[in-house]
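Working through the structure, step by step
Residues per chain are reported as follows:
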Amino acid sequence: MSSIAERTGIIWVPEDDIDLLAVGLDDEYNESDFLAMLNINQAGRDWLDGKISLMDYCDILQSNDIPDPYELVGEFCDHTELIMRAGL
């Protein structure tokens, strides 16, 4: 089972794959956090749309303080595979 499904207890099937990659902000965010969120979420969309490579996507994540981008991508891929295997 993917880490996402293990944490939530469900196989979540989003309407848009970006929902598995997008990040949000807590109540204590600043302008820098907001710009990083926009950058990360745009990079996720660009990767899903084939506009940038996986390496470029992970580089953008790292440059925006995501410490292990390949772990995040791995969770996304595991969850997507679980959705396909379940036929959802």
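Residues numbered from 1 in each chain as written. Predicted model: local features only at pLDDT ≥ 70, side-chain atom pairs only at ≥ 80, totals over all residues. Heavy atoms only, no water.

As a further point, take the confidence of the model for the protein chain. When pLDDT is averaged across the protein chain, the result is 83; 78% of the residues are at 70 or more. Ranking the helices and strands of the protein chain by mean pLDDT puts helix H2 (residues 31–48) first, with 95, and helix H1 (residues 3–8) last, with 62. (pLDDT = per-residue confidence, 0-100. Helix = DSSP H or I, 4+ residues; strand = E, 2+ residues; numbered from the N terminus.)

Moving on: the nonpolar core. Ile18, Leu20, Leu21, Ile40, Ala43, Trp47, Ile52, Tyr57, Cys58, Leu61, Val73 and Phe76 together form the largest nonpolar core, which totals 12 residues. Those elements that place two or more of their residues in this core are H2, helix H3 (54–63) and helix H4 (69–86). Non-local contacts of Ala43, meaning those with residues more than four positions away in its chain, are made with Ile52, Tyr57 and Ile60. (Core = buried A, V, L, I, M, F, W, Y, C linked by side-chain atoms within 4.5 Å. Buried < 20%, exposed > 50% of the residue type's maximum accessible area, 1.4 Å probe, protein only. Contact = heavy atoms within 4.5 Å.)

Across all of its chains, the model carries two aromatic pairs by this definition. A ring pair is formed by Trp47 and Tyr57, whose centres lie 5.1 Å apart and whose planes are at 5°; its orientation type is stacked. Of this pair, Trp47 sits in helix H2 while Tyr57 sits in helix H3, placing them 10 residues apart in sequence. The pair formed by Trp47 and Tyr57 is uniform in burial state, with each residue classed as buried. (Phe/Tyr/Trp six-rings, centres within 6.5 Å; stacked < 30°, edge-to-face > 60°.)

A contiguous nonpolar patch, built from Leu25, Tyr29, Phe34, Leu35 and Leu38 and spanning about 450 Å² of accessible area, is present on the exposed surface. Turning to its location among the elements, Leu38 is positioned in helix H2. (Patch = residues over 30% accessible without salt bridge, like charges linked within 9 Å, V, L, I, M, F, W, Y side chains within 5 Å. Areas by Shrake-Rupley, 256 points an atom, 1.4 Å probe, with all protein chains shown as cover. Salt bridge = Lys/Arg side-chain N within 4 Å of Asp/Glu carboxyl O.)

Attention now moves to the packing of H2 against H3. Relative orientation and spacing of two packed helices are given, respectively, by the angle between their axes and the distance between those axes. Running from amino to carboxyl end, H2 crosses H3 at an angle of 170°, the nearest separation of the two axes being 9 Å. Between H2 and H3, the angle is such that the two are roughly antiparallel. Here Asn39, Ile40, Ala43, Gly44 and Trp47 of H2 lie close against H3, whose contacting residues are Leu54, Tyr57, Ile60 and Leu61. Class assignment for the residues of the contact of H2 with H3 results in seven nonpolar, two polar and no charged. (Axes fitted to C-alpha atoms, helices over the stretch in contact; angles between N-to-C directions. Parallel < 35°, antiparallel > 145°, perpendicular 65-115°, else oblique. Nonpolar A, V, L, I, M, F, W, Y, C, P; charged D, E, K, R; others polar.)

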